[in-house]
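Summary of structural features
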Amino acid sequence: MLLAIDCGNTNTVFSIWDGARFIATWRIATDHKRTADEYFVWLSSLMMLTRTEAQVTEAIISSTVPRVVFNLRVLCNRYFDCRPLVVGKPECALPVAPRVDQGTTVGPDRLVNTVGGFDRHGGNLIVVDFGTATTFDVVDTDGAYIGGVIAPGVNLSLEALHMAAAALPHIDIARPALAIGTNTVACMQSGVYWGYIGLVEGIVRQIRAERDRPMKVIATGGLAPLFQQGTELFDSVEDDLTMHGLRLIHHYNKELETA
Ligand SMILES: Nc1ncnc2c1ncn2[C@@H]1O[C@H](COP(=O)(O)OP(=O)(O)OP(=O)(O)O)[C@@H](O)[C@H]1O
Ligand SMILES: CC(C)(CO)[C@@H](O)C(=O)NCCC(=O)O
Ligand SMILES: [K+]
């Protein structure tokens, strides 16, 4: 079985796959101080629930936090007796190379989203990922990542208001019914929620104008369903897009190995 690890700046998600069959997924806060042994204590107790402890033989990692990769590698070596593929490293091939400025390192999560999106929808696609940052990944006709947009994440924007203004509380994002808020919390939620709807619609309009052709928009990430309630923009919302892409990249590399 395959262990796929998607490490973001806020959360790290572990998924187990038996071929193309999804088995289970678990989430932990990203912490670069976490050791391989700590990961395993946590992971093995969850794996017992699905009786997959002894069955993982392969692993793939995508990490937007470079320093956690070392301990995740040790986890795979020590406890699953395998060498993980790491997206973005030279030994991990991608079906199509990204077309960006020389010397640029594209976030591995964005490359993975590109692969997952292209597999499900073909090219000429915009993948919007509502994570720590909100990213827009533009996928060309042939499936190449050709660039995009990095905007501050939703929770980061709320946090910034709270940090910078003494009278603004720490709050969670929600969809306010109206743009005109009649209390502080409603005003803040309106600013971030409707501000974000405007941001996403504006950026997609701009990208479409630059590309001059029809482009589908796929949304992923924990907050995608919330924003789908405020716009007609998304052709679909797929919370498993990153994991789907990771599994495909692993499969692609296995095929290359045996070819
Ligand atoms: N209604 C909601 N209000 C606040 N947070 C939410 C809501 N729905 C989902 N979330 C949050 O979305 C997050 C899951 O999103 P996702 O995994 O895409 O990004 P992340 O973990 O925040 O970022 P990264 O992938 O960059 O680490 C979780 O932290 C979850 O708490
Ligand atoms: C933008 C984030 C933080 C989103 O997770 C990540 O993809 C990243 O660190 N990217 C590196 C820069 C880039 O993608 O161009
Ligand atoms: K993510």
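Owing to the predicted nature of the structure, the values given are computational and were not obtained by experimental measurement. (Residues numbered from 1 in each chain as written. Chains lettered and ligands numbered in written order. Predicted model: local features only at pLDDT ≥ 70, side-chain atom pairs only at ≥ 80, totals over all residues. Heavy atoms only, no water.)

Mapped onto the secondary structure, Thr242 falls in helix α7 (residues 241-258). Accessibility expressed as a relative area gives 9% for Thr242, which makes it buried. Excluding anything up to four places from it in sequence, Thr242 contacts Asp6, Val112, Asn113 and Asp129. (Helix = DSSP H or I, 4+ residues; strand = E, 2+ residues; numbered from the N terminus. Buried < 20%, exposed > 50% of the residue type's maximum accessible area, 1.4 Å probe, protein only. Contact = heavy atoms within 4.5 Å.)

Summed over all chains, the structure comprises ten aromatic pairs. Considering the side-chain rings of Phe14 and Tyr39, the 5.9 Å spacing of their centres and the 55° angle between planes classify their relative orientation as tilted. Of this pair, Phe14 sits in strand β2 (residues 11-18) while Tyr39 is found in helix α1 (residues 36-50), placing the two residues 25 residues apart along the sequence. The same class applies to Phe14 and to Tyr39, which are both buried. Aromatic pair Tyr196 and Phe227: ring centres 5.6 Å apart, planes at 45°, arrangement tilted. Here Phe227 lies in helix α6 (residues 224-228) and Tyr196 lies in helix α5 (residues 184-211), a separation of 31 residues in the sequence. For Tyr196, a relative accessible area of 4% translates into the label buried. By relative accessible area, Phe227 is classed as buried at 1%. Clustering of aromatic rings is evident, with ring pairs tying together Phe130, Tyr193, Trp194, Tyr196, Phe227 and Phe234. (Phe/Tyr/Trp six-rings, centres within 6.5 Å; stacked < 30°, edge-to-face > 60°.)

Our next topic: the packing of helix α4 (residues 154-164) against α5. Direction vectors running N to C along α4 and α5 enclose 145°, while the axes themselves pass 10 Å from each other. Crossing of α4 over α5 shows right-handed handedness. Across the interface between the two elements, Val154, Ser157, Leu158 and Leu161 from α4 touch Met188, Val192 and Tyr196 from α5. Here the residues of the contact of α4 with α5 are counted per class, giving six nonpolar, one polar and no charged. (Axes fitted to C-alpha atoms, helices over the stretch in contact; angles between N-to-C directions. Left-handed = near helix turned anticlockwise from the far one by under 90°. Nonpolar A, V, L, I, M, F, W, Y, C, P; charged D, E, K, R; others polar.)

Strand order in the open sheet formed by five strands is β3-β2-β1-β4-β5, with mixed pairing between adjacent strands. On the outer flanks of this sheet lie β3 (21-29) and β5 (85-86), each paired with one strand and no other. (Pairing = 2+ DSSP bridges.)

In this section: the site of ligand 2. Taken together, the neighbourhood of ligand 2 is formed by Asn9, Thr64, Thr105, Val106, Gly107, Asp109, Arg110, Thr135 and Ile150. In the environment of ligand 2, an oxygen atom lies 2.5 Å from a nitrogen or oxygen atom belonging to the side chain of Asp109. In this structure, an oxygen atom belonging to ligand 2 sits 3.0 Å away from a side-chain N or O atom of Arg110. Protein chains shield 72% of the accessible area of ligand 2, which is 380 Å² for the free molecule. Within the shell around ligand 2, the residues separate by chemical class into two nonpolar, five polar and two charged. (Near = heavy atom within 4 Å. Polar contact = N/O pair within 3.5 Å; in protein donor to acceptor, adjacent residues only side chain to side chain. Areas by Shrake-Rupley, 256 points an atom, 1.4 Å probe, with all protein chains shown as cover.)

The UniProt entry lists Gly107, Pro108, Asp109, Arg110 and Thr184 under the feature "binding site: substrate" (unreviewed entry), expressed in the numbering used here. Across 78 residues of sequence, these annotated residues are also dispersed in space, with a maximum C-alpha separation of 37.7 Å. Its location among the elements puts Gly107 in the loop between β5 and α3 (108-121). Checked against the element boundaries, Pro108 lands in helix α3. For Pro108, a relative accessible area of 11% gives the class buried. If sequence neighbours within four positions are ignored, Pro108 has contacts with Ser62, Ser63, Thr64 and Val87. (UniProt positions renumbered as here; feature names shortened; annotations may be inferred.)

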